[in-house]
Amino acid sequence: MASERKTRQWETDLDGIQKLRFAESIVRLPASDEILVKVAAVSLNYKDAEIINGLFKHHKSMVAVPNLVPCSDSCGQVVAVGDAVTKWKVGDRILSVSYPTYLTGPQHPKYLRTSIGSANHGCLTEYRTFKETAVVACPSYLTNEEACNMQVAGTTAWMAINGMRPLGQPGGKGETILLQGTGGVSIMGLLIGKASGAETILTSSSDEKLQRGKDLGADHLINYRKTPNWDEEVLRLTSGKGADIIFENGGALTTPKSFNCVAFGGLINAIGYVSGKIDPPDERLNINVSALSRNMTIKGLINGPRDRFQEMLDFCAKHEIRPVVDKTFPFEQAREALQYMWDGAHFGKVVINVAQ
Ligand SMILES: NC(=O)c1ccc[n+]([C@@H]2O[C@H](COP(=O)([O-])OP(=O)(O)OC[C@H]3O[C@@H](n4cnc5c(N)ncnc54)[C@H](OP(=O)(O)O)[C@@H]3O)[C@@H](O)[C@H]2O)c1
């Protein structure tokens, strides 16, 4: 067992990125069923900035603890283990699980309440204890800075493609996937989608980012600024059929268009809301008519369980899929890193290197 040690960590009162503060805390020794981890790298998600900015209010069961340590997705190394721990040993590389008690099956508010970096303390710290069940093995082919992106971005992308299929029976071959934007979830969806044999349509506000998407294998590119009626372009590209699976990342301004260009019998994954959470009055749509006229499914998606996370990791290892890291910041520059992501200039993921 380790002796008592200190950890430097970032804390927030949910009052803005610029008010994040650097603090020092005593690391709790691992209980018998826990491990102590030295955090190596932390991946930033849109929700992390949203939480810190006090804007993450749509999950009523996720109420943050005081002085919240933000961020859910980390990669690290085990430095001590509790007496009853059987799965891990000192030196193992692990990935934290963002919803630590969500192990299998459908999502539930009780799992949301145990989420880290949102309801409970997260990973933007040098050392942290985890239940031994709250981590998975880090794939050996990935660097720490790559691996820490697999949780939220990777699992959400995996569930958007495979969440409606049984565990162990992933699909996507021959299907058309529409990926909105070039952020973390979308680019993981592009990589997984291509490896699954799907045809991919990528949208972005930037031609330069679209070119990067093309270099990663995107089959079709749409600049949604230059082509505001991108739904019509999706229909044109698919000879009128539409997209089988849509990563609906935009929310208020994009959902009506997604209903226009989803394939008959297709799936819209309600993932995000980067274009806004509230429908402007002139954009209201009749969901019943929209859904039944295409005989389609709209599925609210909140990440996925640990078994699907592992399924995704195994698939990515088989295909040697590496998350795209746009930029890495030192631990001391967490504010700059979060602001950089929040401003939306990135392509793929933004990472904080905790252990330099
Ligand atoms: N439900 C879940 O489990 C889950 C999991 C992860 C994320 N999310 C949500 O999904 C969304 C994306 O997350 P992320 O982590 O991938 O975010 P991110 O890395 O910050 O990416 C956001 C990207 O969205 C694109 N975008 C902005 N406005 C857009 C618009 N009007 N139409 C289409 N695309 C637009 C931009 O791409 P361009 O710069 O290329 O235009 C931007 O880079 C967020 O709302 C997040 O909260 C949900």
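Since the model is a prediction, treat every value here as computed from it, not as a measurement.

### A short note on the site of the ligand
Reasoning step 1: Surrounding the ligand, one finds 23 residues, the nearest of these being Thr182, Ser204, Tyr224, Leu301 and Asn303.
Reasoning step 2: Tyr273 is positioned such that a nitrogen or oxygen atom in its backbone is 3.0 Å from an oxygen atom of the ligand.
Reasoning step 3: At 2.7 Å, a backbone N or O of Asn303 approaches an oxygen atom of the ligand.
Reasoning step 4: Burial of the ligand by the protein chains amounts to 88% of its free accessible area of 920 Å².
Reasoning step 5: Counting only elements with at least two residues in the shell around the ligand, the list comes to α4 (150-162) and α5 (184-196).
Reasoning step 6: Its residues assigned to classes, the shell around the ligand shows nine nonpolar, 13 polar and one charged.

### Some details on the domain arrangement of the protein chain
Reasoning step 1: Under the domain assignment, the protein chain is made up of domain 1 (5-149 + 323-353) and domain 2 (155-300).
Reasoning step 2: One C-alpha centre belongs to domain 1, the other to domain 2, and the line joining them spans 28 Å.
Reasoning step 3: Opposite the 15 residues of domain 1 that make contact, domain 2 presents 13 residues.
Reasoning step 4: Approximately 1100 Å² of surface area, both sides summed, lies buried where domain 1 meets domain 2, with 60% of it carried by carbon and sulfur atoms.
Reasoning step 5: Ranking the residues of domain 1 by area buried against domain 2 places Tyr46, Val324 and Phe347 at the top, with a combined share of 48%.
Reasoning step 6: Linking domain 1 with domain 2 are one salt bridge.

### A look at the state of the cysteines
Reasoning step 1: This model, assessed by the stated rule, comprises zero disulfides.
Reasoning step 2: In this model Cys138 remains outside any disulfide bridge; the closest cysteine sulfur is found in Cys75, 3.8 Å from its own.
Reasoning step 3: By relative accessible area, Cys138 is classed as buried at 9%.

Scoring rules and cut-offs
Residues numbered from 1 in each chain as written. Predicted model: local features only at pLDDT ≥ 70, side-chain atom pairs only at ≥ 80, totals over all residues. Heavy atoms only, no water. Near = heavy atom within 4 Å. Polar contact = N/O pair within 3.5 Å; in protein donor to acceptor, adjacent residues only side chain to side chain. Areas by Shrake-Rupley, 256 points an atom, 1.4 Å probe, with all protein chains shown as cover. Helix = DSSP H or I, 4+ residues; strand = E, 2+ residues; numbered from the N terminus. Nonpolar A, V, L, I, M, F, W, Y, C, P; charged D, E, K, R; others polar. Domains from an automatic or database assignment. Contact = heavy atoms within 4.5 Å. Buried area = accessible area lost by both parts, 1.4 Å probe. Salt bridge = Lys/Arg side-chain N within 4 Å of Asp/Glu carboxyl O. Disulfide = S-S within 2.5 Å. Buried < 20%, exposed > 50% of the residue type's maximum accessible area, 1.4 Å probe, protein only.

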